[in-house]
Amino acid sequence: MGIGATAGVAVAGGFALSANASSTGSKSSGASDSLVFDKDAYTELTATITDADGTDRTVVYHFWKAITYVASPVDAKYQSLNVSVPVKIDGKAVDATNAPIVFANSVGGYMPSSVADATGVGGAEMTGGMPTGGAGGSASPSASPSPSASSSGGTGEVQSGGNAMVNAQGGMVNLGKLGLAAGYVVVEPGARGRTLTDSAGTYYGTAPAAIVDLKAAVRYVRANKGVIPGDTDRIVSTGTSAGGALSSLLGASGDSPIYDKYLKELGAADASDAIFATGAWCPITDLEHADGAYEFNWGANVTASTGKVVDQTVSKALRAQFAEYQASLRLRGLNGFGPLTARNYDDYLVETYLQPSATKYLAALSEADRATYLAANTFITWSGGRATFTWADFLTHVGARKKTTPAFDAFDLSAGENNEFGVGTTEARHFTAYGAKNDTTGLGTKRVASDIPEKLDLMNPMHHIGEENPGRSRHWWIRLGTKDSDTSLTVSANLAAALDNLGDDVNHLYYWDEGHGSNVDPGDFLTWIAKVTGDSKRRRSAK
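I will try to describe carefully the structure that is included in this document. (Residues numbered from 1 in each chain as written. Predicted model: local features only at pLDDT ≥ 70, side-chain atom pairs only at ≥ 80, totals over all residues. Heavy atoms only, no water.)

**Looking at the overall build of the protein chain**
Rules: Every helix listed is a DSSP run of H or I at least four residues long, and every strand listed is a run of E at least two residues long, numbered separately from the N terminus. Here, Shrake-Rupley sampling with a 1.4 Å probe gives the accessible areas, and only protein chains in the shown set may cover a residue.
A count of helical and extended segments in the protein chain gives 16 helices and 25 strands. When the accessible surface of the protein chain is split by element, carbon and sulfur atoms take 50% of a total near 20000 Å².

**Here we look at helix 9 (residues 391–398)**
Applicable threshold: Three labels apply to residues, based on accessible area from a 1.4 Å probe with only protein chains included: buried if under 20% of the type maximum, exposed if over 50%, partly exposed otherwise in between. The directions considered for the arc run from the helix axis to the C-beta atoms. Should any heavy atoms of two residues lie within 4.5 Å, those residues are considered in contact.
Here helix 9 has its buried residues at Trp391, Phe394, Leu395, His397 and Val398. An end-on view of helix 9 places all buried positions within 160° of arc, on one side of the element. Of the surrounding secondary structure, the elements contacted by the buried residues of helix 9 are helix 5 (290–298), helix 7 (345–363), helix 8 (367–376) and helix 14 (489–501). Looking one or two residues beyond helix 9, the residue adopting positive phi is Gly399, at roughly 85°.

**A closer look at the pairing of strand 17 (residues 185–189)**
Defined as follows: In this scheme, strands are said to pair when DSSP sees at least two bridges between them.
Counting buried residues along strand 17, five of its five residues qualify, which places the element largely inside the surrounding structure. Two elements, strand 6 (residues 80–89) and strand 17, share four bridges in a ladder whose sense is antiparallel. The residue bridging Val83 from the neighbouring strand is Val187, located in strand 17.

**Observations regarding the pattern of salt bridges**
When charged atoms on two side chains of opposite charge get close, those side chains can pair. The cut-off we apply is this: Should a side-chain nitrogen of Lys or Arg be within 4 Å of a carboxyl oxygen of Asp or Glu, the pair is scored as a salt bridge.
All chains considered together, the criterion is met by 18 salt bridges. For the salt bridge of Asp213 with Arg192, the shortest nitrogen-to-oxygen distance reads 2.9 Å. Of this pair, Asp213 sits in helix 2 (residues 209–223) while Arg192 sits in the loop between strand 17 and helix 2; the two residues are 21 residues apart in sequence, bridging distant segments of the chain. Note on accessibility: Asp213 and Arg192 belong to one class, buried. In this structure, Lys215 and Asp273 form a salt bridge, with 2.9 Å as the shortest nitrogen-oxygen distance. Here Lys215, found in helix 2, pairs with Asp273, found in the loop between helix 4 (260–266) and strand 19 (277–281); they are 58 residues apart in sequence, far enough to count as distant. Both residues of the pair, Lys215 and Asp273, count as buried. If you follow the salt bridges from partner to partner, you end up with Lys215, Arg219, Asp260 and Asp273 in one network.

**Things to note about unusual backbone geometry**
With an omega dihedral of 5°, the bond running from Ala207 to Pro208 counts as a cis peptide bond. Mapped onto the fold, Pro208 is located in the loop between strand 17 and helix 2. Cis geometry is found at the peptide bond from Thr405 to Pro406, where omega equals -10°. Tracing the backbone shows Pro406 in the loop between helix 9 and helix 10 (416–420). If you check the backbone angles, Tyr110 has positive phi at about 55° while not being a glycine.

The structure is reproduced here in structure tokens:
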């Protein structure tokens, strides 16, 4: 919910946000038909925001609403962005002229997202109805999904396909609000999504619409360098779930020419769409390989909806595909682990991510609470201040998986990702050879459509990383909960390894016992932004 004159009480960073906002001396704002930022078309708002450290901050900021970011929009409701710029924090003037820009998308489940109804910072929302299947999963029926108790025992998580973030206490985390309270400029872009249809029933938000829109929004911001507040060369993208996938893709594909024709059709600004740094939480990405990865990770676990294991013939076939794909990547693990293969990936996850995650979690507990936790989770050996356990025991600890098989390219075309690759008046299509071959809907062909390979490249950050795209981000913040079975734990680990192998700065870890949409260290992320962008030095010199 946005901060406006009618705002009530929301939550930011897991802390209570008292959104007692007020408007003062406003200039009119609204959608613009040009690609020139109108620096005077803002409303001045005041809000009380509890920052990531739990301190209430009185923030006065300028708010530009629903600026259309392309010259020829397909649907301006979605192809528009909001800008929020801090003016005063706790009565002290803030000069955000050269502050980093937090570029916070609100996409979930590859659904549409809009800023049209926002009344202040943090008001962008996923729209278009309830996601279904795949990245959509069984989602909350509300436009902005709320956390729910995790069936696998975590403290809380966002329903599958949700675009929200939750902290370890189940409180909502809004990086737009937290970024503003930290003194950053916040840009919140809308984007088309997979469920949008026109009067003729034609889908106009399926792949690659969302990433093209986000790129166009970045181009708008960068084309207005020196006019729009903030350092347009220091844009930091954020997103969760499918939004995390798009944030990853935005970071990996900067200035890639394969999007040019789509951007030209929209009348996007003639500017770079590269971003400086990328934040991605639980990214649902690498979709054409996600079914195999999912079965490698969760194939032996029962499914939450049935209480039974999935068809093991299908699971085995998909695991074999994962092994082949993993070998083709030729990745080396972080911290000198060596080549990553299907044979050793379980050991890699346990040693590099899972045991350190459990260790950090347990070390932070009081002795009494740690003893209680270990008594309830006897699969963990706690010795010398370090947690150890096996992959098999970890899987048992997580419990039921969320998705059936195949998890993403469903044989019956019911997954959200099938809809993401729909075209024309066709709602859903297969995007893998295995899915098409085993189609159960009675399609006349058992092959993927000829345009699918191109669209997969347009939607997969791994394609651009494999091409060593020179316009990619060089700084990466990647997070995932250990109990998040919306996708495989290998997906973000492969993303991190591929980037690390290219020499990029990668900050990647897993949150112990947390589920989908978890974000338990937003304050660390904001500090990381200051570090990688050099904003810490700017602030010191301003004092």
